[in-house]
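Working through the structure, step by step
The primary structure of each chain is shown beneath.
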Amino acid sequence: MPHYLYLVRHGEQQDAEHGLPDGPLSPRGKRQAQLIAERLSGIPFTSMYHSPLNRAAETAAIMAERMPALEPQPSSLLFDCIPSGPTPDMPKAFESFFGPVTEAEIEAGRAQMDDAVHEFLTPAMGDRHDLLVTHNFVIGWFVRHVFDAPDWRWLGLNQANCGLTIIRVRSAKPPVLVVHNDLGHLPVELRTGLPELQPV
Ligand SMILES: O=C(O)[C@H](O)COP(=O)(O)O
């Protein structure tokens, strides 16, 4: 009985480079959303949830236009957040990231991610194909969870706008990372949102 989780980072946000906390999608972001919808159009989805922020809600709405059987639902478990705070085993290179982050933000993010993992990664009885449209750090936390890696390991783990990550949830065995940040549906000029340039 397959149980798959399809994690999609939202499309590129308009003017995100100017530091706006949220906003509508750019023209490239809209095209990214159309292309990930085409990529996923043959999947018999059980549910579709999205972060309530505009960039994720608009991505989900564009996807749903091309996948009419889907009813996108907002979920506060998928908000952008800080999934965990600094720990003694964390490489020093990441310490500066936490400079402006408050304890309250870390506590809230931790609680949100605990609830999100419980909600979406608990094995189901029957077949399930759940689609989640969310944010970079949230997807990083799910991938960290699959490997049971140290808490800090979501840091430096990045997904492109409308990149596709698939996790298979299993009842008697650990979950499997089927693909991570697959960009096969996006032409090179639409591969945005990664801090590292792709060498090929
Ligand atoms: O990676 C980040 O800077 C934050 O998680 C924001 O991610 P987003 O661009 O996917 O919302």
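Residues numbered from 1 in each chain as written. Predicted model: local features only at pLDDT ≥ 70, side-chain atom pairs only at ≥ 80, totals over all residues. Heavy atoms only, no water.

**Digging into the side chain of asparagine 181**
With respect to the helices, strands and loops of the structure, asparagine 181 is situated in strand β6 (residues 176–182). What makes asparagine 181 buried here is its relative accessible area of 14%. For asparagine 181, the side chain forms a polar contact with the main-chain nitrogen of alanine 160, separated by 2.8 Å. If we ignore the near neighbours within four places in the chain, the residues touching asparagine 181 are Asn158, Gln159, Ala160, Gly163, Leu164, Thr165 and Leu194. (Helix = DSSP H or I, 4+ residues; strand = E, 2+ residues; numbered from the N terminus. Buried < 20%, exposed > 50% of the residue type's maximum accessible area, 1.4 Å probe, protein only. Polar contact = N/O pair within 3.5 Å; in protein donor to acceptor, adjacent residues only side chain to side chain. Contact = heavy atoms within 4.5 Å.)

**Examining the environment of glutamate 196**
Within the secondary structure, glutamate 196 is located in the segment after β6. Distance from glutamate 196 to asparagine 158, taken between C-alpha atoms, is 9.0 Å for residues 38 residues apart in sequence.

**With respect to the pattern of salt bridges**
Summed over the entire model, instances satisfying the criterion amount to 10 salt bridges. Linking lysine 92 and glutamate 95 is a salt bridge whose minimum nitrogen-to-oxygen distance equals 3.9 Å. The exposure class assigned to lysine 92 is exposed, which follows from its relative accessible area of 66%. Note that aspartate 130 is salt-bridged to arginine 128, the shortest N-O span being 2.8 Å. For aspartate 130, a relative accessible area of 4% gives the class buried. Taken together, the shared-partner salt bridges connect Arg110, Asp114, Arg144 and Asp151 into one network. (Salt bridge = Lys/Arg side-chain N within 4 Å of Asp/Glu carboxyl O.)

**Examining the site of the ligand**
Lining the immediate surroundings of the ligand are Arg9, His10, Arg55, Asp80, His135, Asn136 and Phe137. Within the side chain of histidine 135, a nitrogen or oxygen atom sits 2.6 Å from an oxygen atom of the ligand. A distance of 3.4 Å is found between an oxygen atom of the ligand and a backbone nitrogen or oxygen belonging to phenylalanine 137. Surface burial for the ligand is 77%, taken as the share of its 310 Å² of free accessible area covered by protein chains. Among the residues forming the shell around the ligand, the class breakdown is one nonpolar, three polar and three charged. (Near = heavy atom within 4 Å. Areas by Shrake-Rupley, 256 points an atom, 1.4 Å probe, with all protein chains shown as cover. Nonpolar A, V, L, I, M, F, W, Y, C, P; charged D, E, K, R; others polar.)

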